[in-house]
Amino acid sequence: MIIVKKSFIVCFLLAFVSVVWAKEGFALPSEKQEDQIIDLAYVTMMETIERLDKKIDECRVLRRENILSSTLLQSLPLNKQEIREVVLPRFHFLSLTKCEGEDLWAKASIEFAQFKYIEKYYKGKNVIDTGYYSFELICCMGSHYNVEVELKYRKLPLETREKLERIPALQKPFNFITSAEKMGLLETIEK
């Protein structure tokens, strides 16, 4: 519903601006101006993506250095499978997202989408190669997995979740694989 309202507002504003431009005699941008608009959108997007890449690298260093204690979760009523498949993945993802900055991820997603839209609007198609980057990568990579893990996490007893959320070590980026190995979680799954 919010998207519909925002879309309606944007369409209304575009129509209003078009009428004002027509009355005031504003000319459509020249091809050179269109190229400048596209270039500005591209440069803005790439600057944000570069800041995001730098932040990801900083968090990767923190993650490598932080290994969870093998006894960290022993006092909680969780089996190895729950710890390996629910608890560690959830807190690993959340701590990285917090470290990297949800706002920065959102800004990169919006600027990427805006650039693609602007380019297509003026040129009729997307022609500038963004290389490794795609909207799906920036916006949504792994989101289905994270939502699945969150759903499983919410099925854990509330008391257990509250205790987990108060553990400081889970709030910082951590080395998932080494921590899981140290906790003996990379053995066969319990039945």
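Preceding this section is the structure that the text describes.
The shown structure was predicted, so the numbers you read here are calculated from the model rather than taken from an experiment. (Residues numbered from 1 in each chain as written. Predicted model: local features only at pLDDT ≥ 70, side-chain atom pairs only at ≥ 80, totals over all residues. Heavy atoms only, no water.)

S.K.: Provide a residue-level description of the nonpolar core, including the pertinent values.
M.R.: Counting 19 residues, the largest nonpolar core has Leu-73, Leu-88, Leu-164 and Leu-170 as its most contacted members. For this core, the secondary structure elements donating two or more residues are helix 3 (80–100) and helix 8 (176–182). When residues in this core are grouped by element, the largest group, five residues, is from helix 3. If near-sequence neighbours (up to four positions away) are discounted, Leu-88 is found in contact with Leu-68, Leu-73, Ile-83, Leu-170, Phe-174, Phe-176, Ala-180, Met-183 and Leu-185. (Core = buried A, V, L, I, M, F, W, Y, C linked by side-chain atoms within 4.5 Å. Buried < 20%, exposed > 50% of the residue type's maximum accessible area, 1.4 Å probe, protein only. Helix = DSSP H or I, 4+ residues; strand = E, 2+ residues; numbered from the N terminus. Contact = heavy atoms within 4.5 Å.)

S.K.: Residue-level account of the side chain of Glu-100, with values.
M.R.: Position of Glu-100 among the secondary structure elements: in helix 3. Buried and without a salt bridge, Glu-100 has Arg-63 as its closest oppositely charged side chain, separated by 5.8 Å. Residues contacting Glu-100, with those up to four places away along its chain left out, are Lys-55, Ile-56, Cys-59 and Trp-105. (Lys, Arg positive; Asp, Glu negative; His and termini not counted. Salt bridge = Lys/Arg side-chain N within 4 Å of Asp/Glu carboxyl O.)

S.K.: Quick rundown of the pattern of salt bridges? Include the residues and the values.
M.R.: Taken as a whole, this structure holds eight salt bridges when the rule is applied. Here Asp-57 makes a salt bridge to Arg-60, at a shortest N to O gap of 2.8 Å. Residue Asp-57 and its partner Arg-60 are located together in helix 2 (residues 31–65), separated by three residues, close to a single helical turn. What makes Asp-57 partly exposed here is its relative accessible area of 40%. Residue classification places Arg-60 among the partly exposed positions, given a relative accessible area of 31%. The network of salt bridges with common partners includes Arg-90, Glu-150 and Arg-154.

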